[in-house]
Amino acid sequence: MNLLHLSRSELKQLISSWNEPSFRADQIFEWIWNKGIFDFTQMSNLSKGFREKLIAECTLNVPKIVFEQKSTDGTIKYLIQLEDGKTVESVWIPREDQGRVTVCISTQVGCRMGCTFCLTAQQKTERNLSAGEIAAQLLLLPNREKITNVVVMGMGEPFDNYDHLMGALTTITDQKGLSIGASHITVSTSGLIPAIERFVQESKCKLAVSLNAPNNEIRSQIMPINRAYPIEKLLECMHRISAPSYPRKIRRNFGITFEYILMKDFNDSPEHALQLVKILKGIPCKVNLLQYNETPNTPFKRPSEESVFEFQKILRRHGLLNFLRRSRGRDISAACGQLASLNKRQSIGAQA
Ligand code: SF4
């Protein structure tokens, strides 16, 4: 059994089934997730006999970095190989001016949401990551002690792998685990409404919704999920969960983040900006605007700087809080899924 896949409570169940005290599970958990020790023989506060039992009955196989690409802006994309040879991506995004390092992690190998602008959607949907595999993307990075923020925005729809996502968030926020505060973690969804409602009840992490369109006509063209959960239903949910009367006060001091990827002559006109203002009215939120990074096999183009500023100006004029998120790592195939796609075509061994 690979202990990496177990949450702290699952580890406790295993250890108690061996008639060992439960604090042994805490000790093992801390060795793995806080100290980054994956060799049972080095877990020095465990008795020799207990370590031998662990060696005989368990393994600790951690995913490994098989390829990395560094951008001139300091962003590093890592290709991570899982136990079964499948690969996902994680991205290290430093902001030295702000003293922050954000890491973007993946939750699935491939993704079945089928967003037409996304390279990950072009890959075969292979499997969900375990909770351990999601959290381990932080554990295995060099200089992981520098990580200040986590965004769950890599390959996969996090809420399509809900239970493992929640298990991973528990390990990431646990004081004996990776010890990163929930308010420093953002989970981004394409809009699975039932899971959003559950998430805001069960987690203190932040929520981001990938909106990318101001109306159903545009959104349904690029995000098939919009046919199941159209914009009006999604925004109805946002109103509900941000209402002061809602039992779980996710409003706190940040509200909801909407992500809007601007694509040239598709969703970036002044009319689209005005429509966006209208549909988000009354929701405590901010909008993160991103310029589309052109990727192979997609018809979308990067918008001009002028149209982006114009779009931003309209939102601002109407009091809609927004930030233009500058693309990081453009020179290293920054689009999510690009490295993993490349890996399917080339030998990793030849690159690493
Ligand atoms: Fe999946 Fe996100 Fe890509 Fe949509 S954008 S296909 S949800 S990985």
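Residues numbered from 1 in each chain as written. Predicted model: local features only at pLDDT ≥ 70, side-chain atom pairs only at ≥ 80, totals over all residues. Heavy atoms only, no water.

Chemist: What is the right way to look at the pairing of strand 4 (residues 100-104) in this model?
Modeler: Counting buried residues in strand 4 gives 4 out of 5 residues, a clear majority hidden from the surface. Between the antiparallel neighbours strand 3 (residues 87-95) and strand 4 lie 4 residues, among them Gly99 with a positive phi of about 65°. Bridge count for strand 4 against strand 7 (residues 149-152) is 3 bridges, and the pairing is parallel. Pairing of Thr102 across the sheet is with Asn149, part of strand 7. (Buried < 20%, exposed > 50% of the residue type's maximum accessible area, 1.4 Å probe, protein only. Helix = DSSP H or I, 4+ residues; strand = E, 2+ residues; numbered from the N terminus. Pairing = 2+ DSSP bridges.)

Chemist: How do you make sense of the packing of aromatic side chains when you look at a structure like this?
Modeler: Any two aromatic rings considered together are summarised by their centre-to-centre distance and by the angle between their planes. Counted by the stated rule, this structure contains 6 aromatic pairs. Aromatic side chains Phe159 and Tyr162 sit 5.9 Å apart centroid to centroid with 50° between the ring planes, which places their arrangement in the tilted category. Judged by relative accessible area, which is 5%, Phe159 ranks as buried. Ring pairs connect the aromatic residues Phe159, Tyr162 and Phe199, which therefore count as one cluster. Just above the ring of Trp31 sits the side chain of Lys35; from NZ or CZ to the centre is 4.5 Å. (Phe/Tyr/Trp six-rings, centres within 6.5 Å; stacked < 30°, edge-to-face > 60°. Lys NZ or Arg CZ within 6 Å of the ring centre and 35° of its normal.)

Chemist: Looking at this structure, I do not really get the pattern of salt bridges. What am I missing?
Modeler: Once their charged atoms are close, side chains differing in charge can pair, the charge on each being opposite to the other. Applying the stated criterion to the full structure yields 18 salt bridges. The residue Arg112 makes a salt bridge to Asp160 at a minimum N-O spacing of 2.7 Å. Placement of the pair is Arg112 in the loop between strand 5 (108-109) and strand 6 (127-128) and Asp160 in the loop between strand 7 and helix 5 (162-173), with a sequence separation of 48 residues. Its salt-bridge partner being Glu310, residue Lys313 comes within 3.5 Å of it at the nearest N-O pair. Of this pair, Lys313 and Glu310 both sit in helix 11 (residues 305-317), 3 residues apart, which is roughly one turn of that helix. Beyond isolated ion pairs, a larger network of salt bridges with shared partners links Arg8, Lys12, Asp26 and Asp174. (Salt bridge = Lys/Arg side-chain N within 4 Å of Asp/Glu carboxyl O.)

Chemist: Can you walk me through the nonpolar core in this structure?
Modeler: Buried together is how nonpolar side chains tend to be arranged in soluble globular proteins. In this structure, Leu3, Met238 and Phe258 are the most contacted members of the largest nonpolar core, which totals 106 residues. Excluding residues that lie within four positions of it along the chain, Met238 makes contacts with Ile196, Val209, Ile256, Phe258 and Ile283. (Core = buried A, V, L, I, M, F, W, Y, C linked by side-chain atoms within 4.5 Å. Contact = heavy atoms within 4.5 Å.)

Chemist: Can you walk me through the site of the ligand in this structure?
Modeler: Around the ligand, the surrounding shell consists of Cys111, Met113, Gly114, Cys115, Cys118, Ala121 and Gly156. A class-by-class count of the residues in the shell around the ligand yields 5 nonpolar, 2 polar and no charged. (Near = heavy atom within 4 Å. Nonpolar A, V, L, I, M, F, W, Y, C, P; charged D, E, K, R; others polar.)

Chemist: It is not clear to me how the domain arrangement of the protein chain should be interpreted in this structure. Could you clarify?
Modeler: Bring the parts together and some accessible area is lost; that lost area is often taken as the interface size. What the domain assignment reports for the protein chain is domain 1 (3-57) and domain 2 (64-351). Put simply, the middle of domain 1 and the middle of domain 2, counted by C-alpha atoms, are 34 Å apart. Buried surface at the junction of domain 1 and domain 2, summed over both partners, amounts to about 1,200 Å²; 57% is from carbon and sulfur atoms. Joining domain 1 to domain 2, the criterion identifies 2 salt bridges. Between Lys176 and Glu30 there is a salt bridge; the shortest N-O distance is 3.5 Å. At the junction of domain 1 with domain 2, the criterion picks out 7 residue pairs in polar contact (both at pLDDT 80 or more). Of all the elements, helix 2 (residues 23-33) adds the most residues to the side of domain 1 that touches domain 2, at 5 residues. Class assignment for the residues of the side of domain 1 that touches domain 2 results in 5 nonpolar, 3 polar and 4 charged. (Domains from an automatic or database assignment. Buried area = accessible area lost by both parts, 1.4 Å probe. Polar contact = N/O pair within 3.5 Å; in protein donor to acceptor, adjacent residues only side chain to side chain.)

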